[in-house]
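# Coordinates in review
The residues making up each chain are set out below.
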Amino acid sequence: RWIEAVRAVLPETLDARRSRVAETYSLAPDQVEILMDEPGAVEFFEEAKHTLELMLDGDTRPARDIASSNGWLQSNDEAEIRTVLAALIEAHPGLAAEVRAGKHRKLKFFAGEAMRATRGRANPHITERLLRELLGVPPS
């Protein structure tokens, strides 16, 4: 019971996500990797698919209205994204220290977690810029 309870709150592992996306959408491995390589791409893909499904099921609203009413549009709200990033940095001080020490590949962890926290809505470019700013990492 305890192990199952812990598993229920843990985020989906990368391997599990890779398998789920491949099976659910009948994608080839190279297509799955394209989605997995860009933070937020899987979420965007899934939300666009949901919008299309609603339209095919008879929803006559414009796609933008459907996505907006379901909270699926990308967020460019820097204050919201900054708040999410600050909380992640505070929750993972060891990783933040590693990034500040030069392990810039660890930025992807924070970017991925920010996308997860915002359900894929955070603009990835704004997220990366703010993350670098908050961690004192120069632009790439």
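Residues numbered from 1 in each chain as written. Predicted model: local features only at pLDDT ≥ 70, side-chain atom pairs only at ≥ 80, totals over all residues. Heavy atoms only, no water.

## Structural notes on the nonpolar core
Residues F110, L131 and L135 are the most contacted members of the largest nonpolar core, which totals 18 residues. Listed by contribution, the elements that provide at least two residues to this core are α6 (78-91), α7 (93-100), α8 (107-117) and α9 (124-135). Non-local contacts of L135, meaning those with residues more than four positions away in its chain, are made with I89, A96, V99, R100, L107 and F110. With eight residues, the next largest nonpolar core counts V21, Y25, A41 and V42 among its residues. (Core = buried A, V, L, I, M, F, W, Y, C linked by side-chain atoms within 4.5 Å. Buried < 20%, exposed > 50% of the residue type's maximum accessible area, 1.4 Å probe, protein only. Helix = DSSP H or I, 4+ residues; strand = E, 2+ residues; numbered from the N terminus. Contact = heavy atoms within 4.5 Å.)

## Description of the confidence of the model for the protein
Per-residue pLDDT for the protein averages 89, and the proportion of residues at 70 or more is 99%. Element-level mean pLDDT values for the protein span from 73 in helix α1 (residues 2-9) up to 96 in α7. (pLDDT = per-residue confidence, 0-100.)

## Regarding the packing of aromatic side chains
Following the criterion strictly, the structure yields two aromatic pairs and no others. When the ring of Y25 is compared with that of F45, the centres are 5.0 Å apart and the planes differ by 90°; the resulting orientation is edge-to-face. One end of the pair, Y25, is in helix α2 (residues 14-25); the other, F45, is in helix α4 (residues 41-56), with 20 residues separating them in the sequence. What makes F45 partly exposed here is its relative accessible area of 29%. Ring centres of F109 and F110 lie 5.4 Å apart, and the angle between their planes is 75°; this geometry places the pair in the edge-to-face category. By relative accessible area, which is 29% here, F109 ends up partly exposed. Overall, the relative accessible area of 0% leaves F110 in the buried class. (Phe/Tyr/Trp six-rings, centres within 6.5 Å; stacked < 30°, edge-to-face > 60°.)

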